[in-house]
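Spelled out from the first residue to the last, the chains are:
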Amino acid sequence: MEHPSHRLDPRMLRVWYASSLALMAGTVAAGAVVALIACHFNGPLAIPLAVCGALLAIELADMAISPRVEYATWRFDVTPTDVDLYHGVFVKKRVIVPLVRVQHVETRQGPFLKAHGLAAVRISTAGESFEIPGLDEAGANRLRDRVAELARLAQEDV
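What you see is a predicted model, and the numbers here were worked out from it, not measured in a lab.

Quick notes on the rules
Residues numbered from 1 in each chain as written. Predicted model: local features only at pLDDT ≥ 70, side-chain atom pairs only at ≥ 80, totals over all residues. Heavy atoms only, no water. Pairing = 2+ DSSP bridges. Helix = DSSP H or I, 4+ residues; strand = E, 2+ residues; numbered from the N terminus. Axes fitted to C-alpha atoms, helices over the stretch in contact; angles between N-to-C directions. Buried < 20%, exposed > 50% of the residue type's maximum accessible area, 1.4 Å probe, protein only. Salt bridge = Lys/Arg side-chain N within 4 Å of Asp/Glu carboxyl O. 1 Å grid on protein atoms, 1.4 Å probe; cavity = no way out; pocket = protein on both sides within 12 Å on 5 of 7 lines; lining within 4 Å. Points joined across faces, edges and corners; volume = space filled by probe spheres on them. Nonpolar A, V, L, I, M, F, W, Y, C, P; charged D, E, K, R; others polar.

Asker: Quick rundown of the sheet that holds strand 4 (residues 104–108)? Include the residues and the values.
Answerer: What the three strands build is an open sheet, ordered 4-5-6; its pairing is antiparallel. The open sheet is flanked by strand 4 and strand 6 (129–136), the only strands paired with a single partner. Each strand axis lies, on average, 20 degrees off the axis of its neighbour in the sheet, ignoring direction. One ladder, built from five bridges, connects strand 4 with strand 5 (residues 118–124); its direction is antiparallel. By the bridge assignment for strand 5, V105 is matched with I123.

Below is the structure:
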């Protein structure tokens with residue numbers, strides 16, 4: 001079975017980089033607080049700085065590699081019978097969601113997606129939800145409407 005053919009919007013890379021930078025800023029801020037507390041109690045400053053440096057190095061490596069791999073592997077397709085999703089960095093995941101099981105479809109847009117003109121489409125069944133994370137706003141709305149219509153038609157046929 002071939003992988004799905006549709007890809008995410010390339011701007012999703014910038015969203016993943018921006019969220020990684022926000023996480024990195026949080027790590028640096030936490031490290032600064034720990035270092036200040038250590039200084040206040042006249043404790044050794046080298047240990048908290050070494051831990052923060054190691055965490056920062058790990059986050060930089062993750063930021064350099066993960067978004068590109070995630071973007072390269074993310075694929076999806078919508079057929080008259082199902083939604084096919086394929087993604088993953090270290091563990092590849094393939095999910096086929098039968099449209100007859102779809103109960104709810106929505107678009108979502110947090111601050112990072114909105115800043116880049118993107119939206120996510122969330123498809124919910126009785127048991128779980130699945131998300132296509134980075135489509136242009138108009139495309140996400142069209143996909144949401146298409147999945148909702150195909151799900152309605154699939155449920156009528158049952």
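Asker: Outline the pairing of strand 2 (residues 82–87), supporting the account with residue identities and numerical values.
Answerer: For strand 2, a buried count of five out of six residues is recorded, marking the element as mostly surrounded by other parts of the structure. The pairing of strand 1 (residues 75–78) with strand 2 spans four bridges and is antiparallel. Bridge assignment links D77 to a residue of strand 2, and that residue is D84. Connecting strand 1 to the next strand, strand 2, in antiparallel fashion are three residues. Connecting the antiparallel pair strand 2 and strand 3 (residues 93–98) is a turn made up of five residues, with G88 showing a positive phi of about 140 degrees.

Asker: Quick one: what's the story with the environment of G110, residue by residue and with numbers?
Answerer: Mapped onto the elements, G110 comes out in the loop between strand 4 and helix 3 (111–115). Residue classification places G110 among the partly exposed positions, given a relative accessible area of 31%. A sequence separation of 46 residues divides G110 from E156, and the C-alpha atoms of the two residues are 33 Å apart.

Asker: Any chance you could break down the pattern of salt bridges for me, citing the residues and the numbers?
Answerer: Per the stated rule, a full pass over the model turns up seven salt bridges. The shortest N-O distance in the salt bridge between E131 and R108 comes to 3.6 Å. Here the residue E131 occupies a position in strand 6, and R108 occupies one in strand 4, the gap between them amounting to 23 residues. The exposure class of R108 is partly exposed, given its relative accessible area of 39%. Residue E156 is joined to R152 by a salt bridge in which the shortest nitrogen-to-oxygen separation is 2.4 Å. Taken as a pair, E156 and R152 lie in helix 4 (residues 137–156) at a separation of four residues, close to a single helical turn. Judged by relative accessible area, E156 falls into the exposed class, the value being 51%. Residue class for R152 comes out partly exposed when judged on its relative accessible area of 38%. Sharing partners across several salt bridges, the network here consists of R108, R122 and E131.

Asker: Describe the layout of surface pockets, naming the residues involved and giving the relevant values.
Answerer: Take a probe with the size of a water molecule and roll it over the atoms, and the empty space left behind shows itself. The space that makes up the largest pocket amounts to roughly 190 Å³. If you go around the largest pocket, you meet 13 residues; those closest to its centre are H6, F76, L135, G139 and L143. Listing elements by their share of the lining of the largest pocket, those giving two or more residues are strand 1, strand 6 and helix 4. Among the elements that line the lining of the largest pocket, the one with the most residues is helix 4, at four residues. Counted by class, the lining of the largest pocket contains five nonpolar, two polar and six charged residues.

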